Amino acid sequence: MQDFIKINSKDNVAVALADLTKGSTVTVDNEAVTLLEDIPRGHKFTLVALKENDDVVKYGFPIGHVTTAVEAGTWVHTHNVKTNLGDLLEYSYTPNVTPLQNREKAYFDGYRRENGKVGIRNEIWIVPTVGCVNSIASAMEKQFASKVGGTVEDIIAFPHPYGCSQMGDDQENTRTILADLINHPNAGGVLVLGLGCENSNIPELKKYIGEYDENRVKFLVCQDVEDEMEAAEALIDELVAYVGQFKREKIGADELIIGMKCGGSDGLSGITANPTVGGFSDILVAQGGTTVLTEVPEMFGAETLLMARCESEELFNKTVDMINDFKNYFTSHNQTIYENPSPGNKKGGISTLEDKSLGCTQKSGSAPVKDVLKYGETVKTKGLNLLSAPGNDLVASTALAASGCHMVLFTTGRGTPFASPVPTMKISTNTPLATKKNNWIDFNCGVMVEDKPLDVLSEELFQYVLAVASGKKVKAEEAGFHDMAIFKQGVTL
């Protein structure tokens with residue numbers, strides 16, 4: 001097992017893969033470096049002396065600059081490294097697009113819907129239009145659980161606090177995301193549960209849902225009935241009968257849409273788990289499938305790498321708008337654009353936003369960018385898509401589900417139990433986390449530092465995704481976790 005890694009030949013720092021002690025000597029590129037301090041796992045140490053304001057180079061790119069002169073073997077982190085990033089930037093389109101070679105077609109066992117869409121779960125979803133009926137929706141999930149059976153895999157309520165007392169973009173976001181979930185093919189059937197007096201009432205929401213199958217989507221306004229539980233049971237029984245008709249069948253992996261997200265990152269995220277997901281993404285895209293990368297604030301500092309992979313200048317301009325719109329969102333609320341990484345990120349070894357972003361974008365692999373989606377917009381183009389959403393784990397993962405993703409791959413160095421409306425696979429960056437939180441972690445990329453090659457691990461992840469798409473439950477599903485969160489930006493009345 002390696003004790004450290006120099007990621008790129010241009011780097012002037014290396015990353016500890018295990019806790020390293022002061023006074024020990026490591027050899028990098030045939031040069032001996034004596035460590036002047038203890039270096040925690042995931043943290044960086046200098047390979048050469050740096051003068052004040054010299055760039056710290058990791059992944060082959062500057063991740064900030066040192067605030068004071070340092071000798072070789074020095075621990076460099078938040079105490080002596082600062083970001084190089086500013087506010088709005090000028091960008092130019094300098095394409096560096098490399099198409100992927102096609103791969104032999106792979107398959108999974110999924111559900112073909114009557115409208116032609118494909119799902120990887122056959123569930124009944126209870127979607128409240130407004131937070132006022134959250135408790136009723138949750139009570140229905142519990143009371144009707146005994147009706148699950150056969151190919152009806154689950155009955156799930158998705159409570160949320162919105163749907164009324166909202167204005168402008170917030171109200172649009174709520175209606176759009178709810179409509180996206182109602183139309184999601186992982187739901188074989190949906191009960192839309194309204195109160196009756198809310199802004200996002202059922203008649204209003206139907207404008208966003210568009211055409212729907214009356215056998216698949218049922219509506220209940222609680223104020224219109226004497227006993228909402230009794231009325232709901234009759235509708236649920238109809239949905240159970242309808243959903244129970246669907247059977248798994250062989251479907252090409254080119255119809256999979258997989259979201260990619262990270263959270264609780266550490267210094268190994270950009271070395272193990274994120275590159276593995278990037279390798280997976282390239283495999284799926286080469287199959288003709290689709291992956292979606294989001295969390296725009298964690299693209300800051302690495303955005304030019306994604307811009308160069310845009311297939312056209314039109315997509316480049318959409319990416320520029322996506323980045324700048326998010327920066328303007330921060331400044332409009334008098335917030336610092338680069339107030340990142342989080343305390344957990346820093347503890348894990350990430351020093352600046354560039355450090356975090358260059359690791360984060362490893363999840364996109366090397367495929368060309370095929371489309372750029374607004375928040376709440378659904379996937380229309382196969383291949384790698386970029387999706388506008390914040391870095392918040394629940395909001396971004398819900399946005400991925402709403403965009404049409406069948407599953408979310410979530411890499412983490414710290415661990416988290418949360419879920420999203422679709423299967424949310426937790427992928428650890430390090431083996432100690434996978435061992436300690438085995439009840440959370442589905443796939444361990446920590447074995448990469450134990451000499452498992454990236455291409456082998458990416459292929460193993462691809463096969464694991466096919467298994468989950470074919471019905472294998474991830475740990476969050478086994479625990480019964482299903483979460484959702486909608487992006488809130490403005491005023492609450």
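(A) Up close: the sheet that holds strand β1 (residues 4-5). Taken together, four strands build an open sheet; the order of strands is β1-β2-β5-β8 and the sheet is antiparallel. This sheet does not close on itself; its edge strands, each paired only once, are β1 and β8 (75-76).

(B) Molecular detail of helix α9 (residues 353-360). When you tally the buried positions in α9, you get eight out of eight residues, the bulk of the element. Listed as buried for α9 are L353, E354, D355, K356, S357, L358, G359 and C360.

(C) Local environment of the sheet that holds strand β10 (residues 107-112). As summarised here, the arrangement of the three strands in space is β11-β10-β16, forming an open sheet in which the pairing is antiparallel. Two strands lie at the open edges of the sheet, namely β11 (118-119) and β16 (249-252), each paired on one side alone. One ladder, built from two bridges, connects β10 with β11; its direction is antiparallel. Its bridge partner being in β11, Y111 is matched across the sheet by G119.

(D) Structural detail: the packing of aromatic side chains. Taken as a whole, this structure holds 15 aromatic pairs when the rule is applied. Relative to F45, the ring of F4 lies with its centre 6.3 Å away and its plane at 70 degrees, an arrangement referred to as edge-to-face. Taken together, the positions of F4 in strand β1 and F45 in strand β5 (residues 44-46) put the pair 41 residues apart, joining distant regions of the chain. F45 carries the same exposure label as F4, and that label is buried. Where Y375 meets F487, the ring centres are 5.6 Å apart and the plane angle is 70 degrees; that geometry is what we call edge-to-face. Of the two residues, Y375 sits in the loop between β19 (369-373) and β20 (383-387) while F487 sits in the segment after α13 (475-478), which places them 112 residues apart along the sequence. F487 shares its class with Y375; the two are buried. Pairwise contacts between aromatic rings join F300, F326, Y329, F330, Y375 and F487 into one cluster. Just above the ring of F219 sits the side chain of K206; from NZ or CZ to the centre is 4.5 Å. Taking the ring centre of Y107 as reference, the NZ or CZ of K250 above it sits at 4.3 Å.

(E) Seen up close, the packing of helix α2 (residues 168-182) against helix α10 (residues 393-402). It is at 9 Å that the axes of α2 and α10 come closest, and there the two elements cross at 55 degrees. As far as their axial angle goes, α10 and α2 are oblique. Residues I177, D180 and L181 of α2 touch α10, and the partners they reach there are T398, A401 and A402.

(F) Geometry of the pairing of strand β12 (residues 123-128). Counting buried residues in β12 gives six out of six residues, a clear majority hidden from the surface. Side chains of β12 alternate between two faces, with E123, W125 and V127 and I124, I126 and P128 buried alike. Across six bridges, the pairing between β12 and strand β14 (residues 187-194) is parallel. If you follow V127 over to β14, its bridge partner there is V192. The pairing of β12 with strand β13 (residues 154-157) spans four bridges and is parallel.

(G) Fine view of the pattern of salt bridges. Going through the model one piece at a time under the given rule, you end up with 23 salt bridges. Measuring nitrogen to oxygen at the nearest pair gives 3.6 Å for the salt bridge that ties D254 to K105. Here D254 is found in the loop between β16 and β17 (257-262), whereas its partner K105 is found in the loop between β9 (81-82) and β10, with 149 residues between them in sequence. Classification of K105 by relative accessible area gives partly exposed; the value is 43%. Between E303 and K327 there is a salt bridge; the shortest N-O distance is 3.9 Å. Here E303, found in helix α6 (residues 303-308), pairs with K327, found in helix α7 (residues 313-332); they are 24 residues apart in sequence, far enough to count as distant.

(H) Region of interest: the environment of Q463. Relative to the assigned elements, Q463 resides in helix α12 (residues 454-469). Spatially, the C-alpha atom of Q463 lies 9.4 Å from that of F280, the residues being 183 residues apart in sequence.

(I) Just the packing of helix α1 (residues 134-143) against helix α4 (residues 228-243), in detail. Two elements in contact, α1 and α4, have axes separated by 11 Å at closest approach and are oriented at 55 degrees. In terms of orientation, α1 lies oblique with respect to α4. Classified by chirality, the crossing of α4 by α1 is right-handed. Taking contact as the criterion, the partners of I136, A139, M140 and Q143 in α1 are, on α4, E228, M229 and A232. In the contact of α1 with α4, the residues fall into five nonpolar, one polar and one charged.

(J) Inspection of the side chain of N134 at higher detail. Looking at where N134 falls in the secondary structure, it is placed in helix α1. What makes N134 buried here is its relative accessible area of 17%. What N134 contacts, discounting residues up to four positions off in sequence, is P128, P159, H160 and P161.

About the criteria used
- Residue positions are given per chain, counted from 1 along the sequence in the order it is written.
- Local features in this predicted model are restricted to residues of pLDDT 70 or higher, and side-chain atom pairs are both shown and tallied only at a pLDDT of 80 or more, whereas totals for entire chains, interfaces and linings draw on every residue.
- The side-chain figures draw on all heavy atoms in the structure; neither hydrogens nor water molecules are used.
- By this definition, two strands are paired if DSSP reports at least two bridges between them.
- Note on conventions: DSSP H or I runs of at least 4 residues are helices, E runs of at least 2 residues are strands, and numbering of each starts at the N terminus.
- Note on classification: 1.4 Å probe, protein chains only; a residue is buried when its accessible area is under 20% of the maximum for its type, exposed when over 50%, partly exposed between these limits.
- Note on ring pairs: Phe, Tyr and Trp rings are taken, using the six-membered ring of Trp, and paired if centres are within 6.5 Å. Classes follow the plane angle, with under 30 degrees stacked, over 60 edge-to-face and the rest tilted.
- The rule is short: NZ of Lys or CZ of Arg within 6 Å of the ring centre and within 35 degrees of the ring normal puts a charge over the ring.
- Fitted lines through C-alpha atoms give the axes, limited to the stretch in contact for helices. The angle between two N-to-C directions lies from 0 to 180 degrees.
- Angular relationships are summarised with four words: roughly parallel below 35 degrees, roughly antiparallel beyond 145, roughly perpendicular across 65 to 115, and oblique for the angles in between.
- Should any heavy atoms of two residues lie within 4.5 Å, those residues are counted as being in contact.
- Whenever a carboxyl oxygen of Asp or Glu lies within 4 Å of a side-chain nitrogen of Lys or Arg, that contact is scored as a salt bridge.
- Each crossing gets its handedness from the near helix: less than a right angle anticlockwise from the far helix is left-handed, clockwise is right-handed.
- Ten residue types, Ala, Val, Leu, Ile, Met, Phe, Trp, Tyr, Cys and Pro, are classed as nonpolar, four, Asp, Glu, Lys and Arg, as charged, and the remainder, Gly among them, as polar.

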